Amino acid sequence: MSAKIAIIGGTGLKSFPGLKIIKQEVMRTPYGTPSGPISHGEYADCEVIFIPRHGSAHTIPPHMINYRANLWALREKNIKSIVAVAAVGSIHADIYPTRLVIPKQIIDYTYDRPHTFFEQDLQQVKHIDFSRPYDETLRQHLLAASINMDLDCYDGGCYAATQGPRLETTAEIDRLERDGCDIVGMTGMPEAALARELEMAYAHCAMSVNWAAGRSQEEITMELITQCTQIATKKVQALISGLLQVS
Ligand code: HPA
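This structure is a prediction, so every number in the text was calculated from the model and none was measured.

Draft legend 1. Up close: the layout of surface pockets. For the largest pocket, the calculated volume is near 610 Å³. Taken together, 30 residues line the largest pocket, and the ones lying closest to its centre are Thr-11, Ala-87, Met-186, Met-222 and Ile-225. Of all the secondary-structure elements, those providing two or more residues to the lining of the largest pocket are β5 (81-90), β10 (183-185), β11 (201-211) and α5 (222-246). The biggest single contributor to the lining of the largest pocket is α5, with six residues. Looking at the lining of the largest pocket, its residues break down into 15 nonpolar, 13 polar and two charged. Taken as a whole, the second largest pocket spans an internal volume of roughly 230 Å³. Classifying every residue of the lining of the second largest pocket gives four nonpolar, three polar and four charged.

Below, the structure is given as structure tokens:
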């Protein structure tokens, strides 16, 4: 086995072709139970762990996810690198729905989510460096895989993490754009920061599944989101296969 990598599956991605599942494990952590059983699999000589962020039946909304339990479970399994798949809405005009994005920055607009492991019994308060929220080496591996797999992937951009579960108003998206955000999703934080606290490399593989509020004439319907998710998920599966082949 060469690499040990974890994939946090978002909307649409519950598994991917070619992954041989060896076992499923129900875990408990000091922070509670992860979103679902952890799948242990093999792909192209890599050891892969897969966790469904919204639960196996996709029933956990973004603000109710136990991010700490999910990340703690991955750390317990000795994971060094995490690819976090996330559905997003597009703010930037170049990021058409179904396009993949490997973002570079995050702005956190979420609230009331347990967002740190540094809470009690501390010898010293620790402030992680989060100036570059994503691991650059992992980002570059994802971008190289996108070229190898002939996928049109947007390199960079800023991910706005919103509270959800509702979508945004047009005025909110206008504000996010003024803030410099290019895509908007509901699960990017505190996940990325918790991974950094536990010293695991983390990168987002975002897939656009709709134009954000006010960025198209069309109403944002679940039907439209589902259609784009199905197309984009195939691209994500190809991207991850490409990544594992070079890991
Ligand atoms: N906003 C927030 N989160 C999302 C969106 C959106 O438009 N699309 C998919 N996740």
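Draft legend 2. Focus on the nonpolar core. If you look at the biggest cluster of nonpolar residues, it comprises 33 residues, and the most contacted ones within it are Leu-71, Leu-74 and Ile-82. Those elements that provide at least two residues to this core are β1 (4-9), β4 (46-52), α1 (67-76), β5, β9 (158-161), α4 (191-197) and β11. Discounting residues that sit within four places of it in the chain, Leu-71 has contacts with Ile-8, Ile-82, Phe-117, Glu-191, Leu-194, Ala-195, Leu-198 and Met-200. Formed by 29 residues, the second largest nonpolar core is a distinct cluster that contains Phe-50, Met-207, Ile-225 and Leu-239.

Draft legend 3. Representation of the pattern of salt bridges within the structure. Taken as a whole and assessed by the stated rule, the structure comprises twelve salt bridges. A salt bridge links Glu-119 to Arg-68; the shortest N-O distance between them is 3.0 Å. Linking Glu-119 in the loop between β7 (105-108) and α2 (136-148) with Arg-68 in helix α1, this pair joins segments that are 51 residues apart in sequence. Residue Arg-215 is joined to Glu-177 by a salt bridge in which the shortest nitrogen-to-oxygen separation is 2.9 Å. With Arg-215 in the loop between β11 and α5 and Glu-177 in helix α3 (residues 170-179), this pair connects stretches of sequence that are 38 residues apart.

Draft legend 4. Expanded view of the site of the ligand. Residues in close proximity to the ligand include Ala-87, Val-88, Gly-89, Leu-167, Glu-168, Val-184, Gly-185, Met-186, Val-209 and Asn-210, which together make up its full environment. In the environment of the ligand, a nitrogen atom lies 3.4 Å from a nitrogen or oxygen atom belonging to the backbone of Ala-87. Notes on the ligand: free accessible area 260 Å², of which the protein chains cover 92%. At a threshold of 2 Å from the grid points, most atoms of the ligand map onto the largest pocket. Those elements that place two or more of their residues in the shell around the ligand are β5, β10 and β11.

Draft legend 5. Structural context of the environment of Thr-110. Within the secondary structure layout, Thr-110 lies in the loop between β7 and α2. Expressed as a C-alpha distance, the spacing of Thr-110 and Gly-164, which sit 54 residues apart in the sequence, is 8.3 Å. Discounting residues that sit within four places of it in the chain, Thr-110 has contacts with Ala-161, Thr-162, Gln-163 and Met-189. A polar atom in the side chain of Thr-110 sits 2.7 Å from the side chain of Asp-108.

What counts and what doesn't
Residues numbered from 1 in each chain as written. Predicted model: local features only at pLDDT ≥ 70, side-chain atom pairs only at ≥ 80, totals over all residues. Heavy atoms only, no water. 1 Å grid on protein atoms, 1.4 Å probe; cavity = no way out; pocket = protein on both sides within 12 Å on 5 of 7 lines; lining within 4 Å. Points joined across faces, edges and corners; volume = space filled by probe spheres on them. Helix = DSSP H or I, 4+ residues; strand = E, 2+ residues; numbered from the N terminus. Nonpolar A, V, L, I, M, F, W, Y, C, P; charged D, E, K, R; others polar. Core = buried A, V, L, I, M, F, W, Y, C linked by side-chain atoms within 4.5 Å. Buried < 20%, exposed > 50% of the residue type's maximum accessible area, 1.4 Å probe, protein only. Contact = heavy atoms within 4.5 Å. Salt bridge = Lys/Arg side-chain N within 4 Å of Asp/Glu carboxyl O. Near = heavy atom within 4 Å. Polar contact = N/O pair within 3.5 Å; in protein donor to acceptor, adjacent residues only side chain to side chain. Areas by Shrake-Rupley, 256 points an atom, 1.4 Å probe, with all protein chains shown as cover. Sits in = over half its atoms within 2 Å of the grid points.

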